[in-house]
Amino acid sequence: MIVCYTGGGTLGHIYPALAVHEVLEKRAGYQAFWIGREDQAERDAVEQAGISFFAIRSGKLRRYRSLKNLLDIGNVLVGCFQAFCILRHNRPNVLFSKGGFVSVPPVLAAFLLGIPVVSHESDASAGLATRINARFSRFVCVPFAQGFETIQKHKRVVTGNPIRQALVAEAEQPYKEGELAFIGKDEKLILVLGGSSGSQQINALIRNNLEALTQLAYVYHQCGSKDVQNLVHERYTEVAFITDLLPSLLKRADLVISRSGANTIAELALFGCPSLLIPLSRQYSRGDQIDNALRLASLGASRVLLDENDLNRFFVEVKDLLDDRQKRTMLSGNIRKLAQKECAHSIAELLGSVKE
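Residues numbered from 1 in each chain as written. Predicted model: local features only at pLDDT ≥ 70, side-chain atom pairs only at ≥ 80, totals over all residues. Heavy atoms only, no water.

Enquirer: I'd like a description of empty space enclosed by the protein, backed by residues and values.
Expert: Scanning the entire structure with this criterion turns up one cavity of 30 Å³ or more. Tyr15, Pro16, Pro162, Ile163, Arg164, Asn263, Ala266 and Glu267 are the residues that line the largest cavity. Breaking the lining of the largest cavity down by element, the ones donating at least two residues are α1 (15–24) and α10 (262–271). Considering each element in turn, the lining of the largest cavity owes the most residues, three residues, to α10. For the lining of the largest cavity, the per-class residue count stands at five nonpolar, one polar and two charged. (1 Å grid on protein atoms, 1.4 Å probe; cavity = no way out; pocket = protein on both sides within 12 Å on 5 of 7 lines; lining within 4 Å. Points joined across faces, edges and corners; volume = space filled by probe spheres on them. Helix = DSSP H or I, 4+ residues; strand = E, 2+ residues; numbered from the N terminus. Nonpolar A, V, L, I, M, F, W, Y, C, P; charged D, E, K, R; others polar.)

Put into structure tokens, the structure is as follows:
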């Protein structure tokens, strides 16, 4: 069985597909390769998983009028030709698309070559790339049943969002005192996650409130590689990106402050983390993070702050949750109900069922 994976734009498009790869690589005769954009972080993540990476040209799928759209038409056409050649040469049994603008040319090329396509959407509503890809896909995997009426019913398969198996295993183990040597037994912990590349807006909220926040709890802050300021405080740690410590931090955190990307939400649900979500605004996105956050708020599974510039409201929300264990316990219980541990296996089985 040969699987071609495609997708990119952020690491949020990469890791869920790698979770599916983890399941399939245990099967005899399985091979995989990836078609993506030329981005070093994405290439590194894929190649570290043992998957060959082919970069193609791609254009951004904008929803507004721009002269750049004309230029990107050429990039998309070149990308389609490149993807066609790669797929014809490697001839996979199935193509799995994780979305993002780079996925459209490979999906079109696979359709033309008669290669079955399975797409996956992580967010609470289908993005433009997913809506385009859905026309050429045999199945479209979605995180839950509601909100995907734009995709034909016979193509929709509810699978949830796949998570790496190491995290699933870690979530089942209780936190052991001393796993995080920098924090005392009775100290509260605020974990700040801005996504794989960080978030300047969330970073600013933390830094502008740092003295007040550190009086409430120890703050562990993932700020992204482009916004490291090397701040020093006895109750504060700043890192560009969290790797091995992530499971321990999620288990130990009294409150997680985060963007509301679909993968982050899936991990918060897996570990049952009480959270304050600050979604990326529509000024910088299609509003998918707002949809994700509001869905959780409606289920009593998270608090949400829509105005990331509201410093007063931000601190009031954080203090209210840290001061009230019962509220945090309620959020934790409600988000834990949304955890889906078998998603990667479900998608792996689906890919096996549709191969030529």
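Enquirer: Go over the sheet that holds strand β1 (residues 2–6) with me, naming the residues and quoting the values.
Expert: One open sheet holds the seven strands; their spatial order is β3-β2-β1-β4-β5-β6-β7, and the pairing between them is parallel. Across the chains shown, the open sheet's two edge strands, defined by having one partner strand only, are β3 (52–55) and β7 (156–158). Across the sheet, the mean angle separating the axes of adjacent strands is 25° when strand polarity is ignored. As judged from the three bridges shared by strand β5 (residues 117–120) and strand β6 (residues 139–142), these two strands associate in the parallel manner. When the sheet's bridge partners are listed, Val118 is paired in β6 with Phe139. The sheet contacts of α1 involve β1, β2 (31–36) and β4 (94–97), and relative to β1 the element is tilted by about 170°. (Pairing = 2+ DSSP bridges. Axes fitted to C-alpha atoms, helices over the stretch in contact; angles between N-to-C directions. Contact = heavy atoms within 4.5 Å.)

Enquirer: Lay out the sheet that holds strand β9 (residues 218–222) in plain terms, naming residues and giving numbers.
Expert: If you walk across this open sheet you meet the six strands as β10-β9-β8-β11-β12-β13, and the pairing is parallel. What marks the edges here is a single partner per strand, and that holds for β10 (236–239) and β13 (303–304). Here strand β11 (residues 255–258) runs beside strand β12 (residues 275–277); their pairing, made up of three bridges, is parallel. Its bridge partner being in β12, Ser258 is matched across the sheet by Leu277. Docked against the sheet, α10 engages β8 (189–193), β11 and β12, running at close to 165° with respect to β12.

Enquirer: How would you explain the pairing of β11 if you had to name every residue and give the values?
Expert: Burial of β11 is two-sided: the residues Leu255 and Ile257 facing one way and the residues Val256 and Ser258 facing the other way are all buried. The pairing of β8 with β11 spans four bridges and is parallel. Note on β11: the bridge partner recorded for Val192 is Ile257. In terms of handedness, the path from β11 via α10 over to β12 forms a crossover that is right-handed. (Buried < 20%, exposed > 50% of the residue type's maximum accessible area, 1.4 Å probe, protein only. Right-handed = clockwise from strand over helix to strand, strands pointing away.)

Enquirer: Describe the packing of helix α12 (residues 311–323) against helix α13 (residues 325–336), with residues and values.
Expert: Closest axis-to-axis distance for the α12/α13 pair is 5 Å, and the angle between their directions is 95°. Of the possible angle classes, the one that applies to α12 and α13 is roughly perpendicular. Taken together, the residues of α13 that come into contact with α12 (itself represented by Asp320, Leu321, Leu322 and Asp323) are Arg325, Lys327, Arg328 and Leu331. Across the contact of α12 with α13, the residue classes break down as three nonpolar, no polar and five charged. (Parallel < 35°, antiparallel > 145°, perpendicular 65-115°, else oblique.)

Enquirer: Can you explain the side chain of Asn161? Please cite residues and give values.
Expert: Looking at where Asn161 falls in the secondary structure, it is placed in the loop between β7 and α6 (165–171). Residue Asn161 is classed as buried on the basis of its relative accessible area of 8%.

Enquirer: Describe the packing of aromatic side chains, and please don't skip the residues or the numbers.
Expert: Evaluated as defined, the whole model comprises seven aromatic pairs. On the basis of an interplanar angle of 90° and a centroid distance of 6.1 Å, the ring pair of Tyr5 and Phe96 is categorised as edge-to-face. One end of the pair, Tyr5, is in strand β1; the other, Phe96, is in strand β4, with 91 residues separating them in the sequence. Here Phe96 falls in the buried class, since its relative accessible area comes to 0%. An aromatic cluster is built from Tyr5, Trp34 and Phe96, whose rings are joined through pairwise contacts. Sitting above the plane of the Tyr15 ring, Arg164 keeps its charged end 4.8 Å from the centroid. Positioned above the aromatic ring of Phe144, the side-chain terminus of Arg295 is 3.6 Å from the ring centre. (Phe/Tyr/Trp six-rings, centres within 6.5 Å; stacked < 30°, edge-to-face > 60°. Lys NZ or Arg CZ within 6 Å of the ring centre and 35° of its normal.)

Enquirer: How would you summarise α1 if you had to cite specific residues and measurements?
Expert: For α1, the buried fraction is high: eight of the 10 residues fall into the buried class. Within α1 the residues assigned to the buried category are Pro16, Ala17, Leu18, Ala19, Val20, His21, Val23 and Leu24.

Enquirer: Quick rundown of the layout of surface pockets? Include the residues and the values.
Expert: The volume enclosed by the second largest pocket comes to roughly 460 Å³. Lys251, Arg252, Ala253, Asp254 and Arg325 are the residues nearest the centre of the second largest pocket, which is lined by 18 residues in total. Breaking the lining of the second largest pocket down by element, the ones donating at least two residues are α9 (246–252) and α13. Ranked by the residues each element gives to the lining of the second largest pocket, the list is headed by α13, at five residues. Of the residues contributing to the lining of the second largest pocket, the split by class is seven nonpolar, three polar and eight charged.

Nothing here speaks to function; it is geometry throughout.
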